[in-house]
Amino acid sequence: MHAVFADEMPEFRRASQNRVNVFPINEVYLFKHYFDNEEIFDKLRRYYNNQQYRFEVPNADFPKIQEFLAEFGYALIVIGGIEEYTVVVRKYTEHPGNIFKSSVLQRSEGDYNVFVMTDQAAVEQAVNQGATRLTDTGLTVAF
């Protein structure tokens, strides 16, 4: 099974599938999602980083996890344009509410804190609360 990228999404538009955005960063696939099914979480537990509240699946394991979750109605959508899901906030300023909860990755870059958000709704919410889209800045961030 190959990784499914955002431009291949039509096959996952069935109402029975929950879409979960996944971000390939530094040899792992990162995603946040609450799975209330104990069987699912037990299978994914070894990939869960409880300090960052996210799943970190190594490249080699991703196809089998993607296939496993598809059996339960979850479509893992690999996001290729991470910049479109990224917002920045100047360091030492107030952060938008829930930005940490709605982000998959946080890092410091120059005078900014950079956040990769879980989805476009989270990006919009952060922007509405004072964050700036990475694409609206002159910043370059390597993922």
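Further up the page is the structure itself.
Model, not experiment: these values are computed from the prediction.

*Asks:* I would appreciate a short explanation of the pairing of strand β1 (residues 18-25) in the present structure.
*Replies:* In summary, the side chains of a regular strand alternate between the two faces of the sheet. Pairing between β1 and strand β5 (residues 74-78): five bridges, direction parallel. Bridge pairing in β5 places V22 opposite V78. Relative to strand β2 (residues 28-31), β1 is paired through three bridges, and the arrangement is antiparallel. For F23, the partnering residue across the bridge sits in β2 and is L30. With antiparallel pairing between neighbouring strands as the criterion, β1 and β2 make up a hairpin whose turn holds two residues, including N26 at a positive phi of roughly 50 degrees.

*Asks:* What's the story with the nonpolar core in this structure? I'm lost.
*Replies:* Nonpolar side chains tend to gather and get buried jointly when the protein is soluble and globular. Residues F31, F35, L44 and L69 are the most contacted members of the largest nonpolar core, which totals 17 residues. Of all the secondary-structure elements, those providing two or more residues to this core are β1, β2, α1 (38-44), β4 (54-58), α2 (62-71) and β5. Take this core: its biggest share by element is four residues, from α2. When residues no more than four places from it in sequence are discounted, the contact partners of L69 are F31, F35, I40, L44, Y74 and L76.

*Asks:* Help me out: how do you make sense of the pattern of salt bridges in this one?
*Replies:* Pairs may arise between side chains of opposite charge once their charged atoms sit close together. Scanning the entire structure with this criterion turns up six salt bridges. The partner of D42 in a salt bridge is R45, with the nearest N and O atoms 2.5 Å apart. Residue classification places D42 among the partly exposed positions, given a relative accessible area of 42%. Owing to a relative accessible area of 42%, R45 belongs among the partly exposed residues under this scheme. The partner of D61 in a salt bridge is R46, with the nearest N and O atoms 3.6 Å apart. Separated by 15 residues along the polypeptide, D61 in the loop between β4 and α2 and R46 in the loop between α1 and β3 (48-49) bring together distant segments of the chain. Classification of D61 as buried rests on a relative accessible area of 14%. Given a relative accessible area of 63%, R46 falls into the exposed group. When salt bridges that share partners are traced, they join E38, D42 and R45 into one network.

Calculation notes
- Residues numbered from 1 in each chain as written.
- Predicted model: local features only at pLDDT ≥ 70, side-chain atom pairs only at ≥ 80, totals over all residues.
- Heavy atoms only, no water.
- Pairing = 2+ DSSP bridges.
- Helix = DSSP H or I, 4+ residues; strand = E, 2+ residues; numbered from the N terminus.
- Core = buried A, V, L, I, M, F, W, Y, C linked by side-chain atoms within 4.5 Å.
- Buried < 20%, exposed > 50% of the residue type's maximum accessible area, 1.4 Å probe, protein only.
- Contact = heavy atoms within 4.5 Å.
- Salt bridge = Lys/Arg side-chain N within 4 Å of Asp/Glu carboxyl O.

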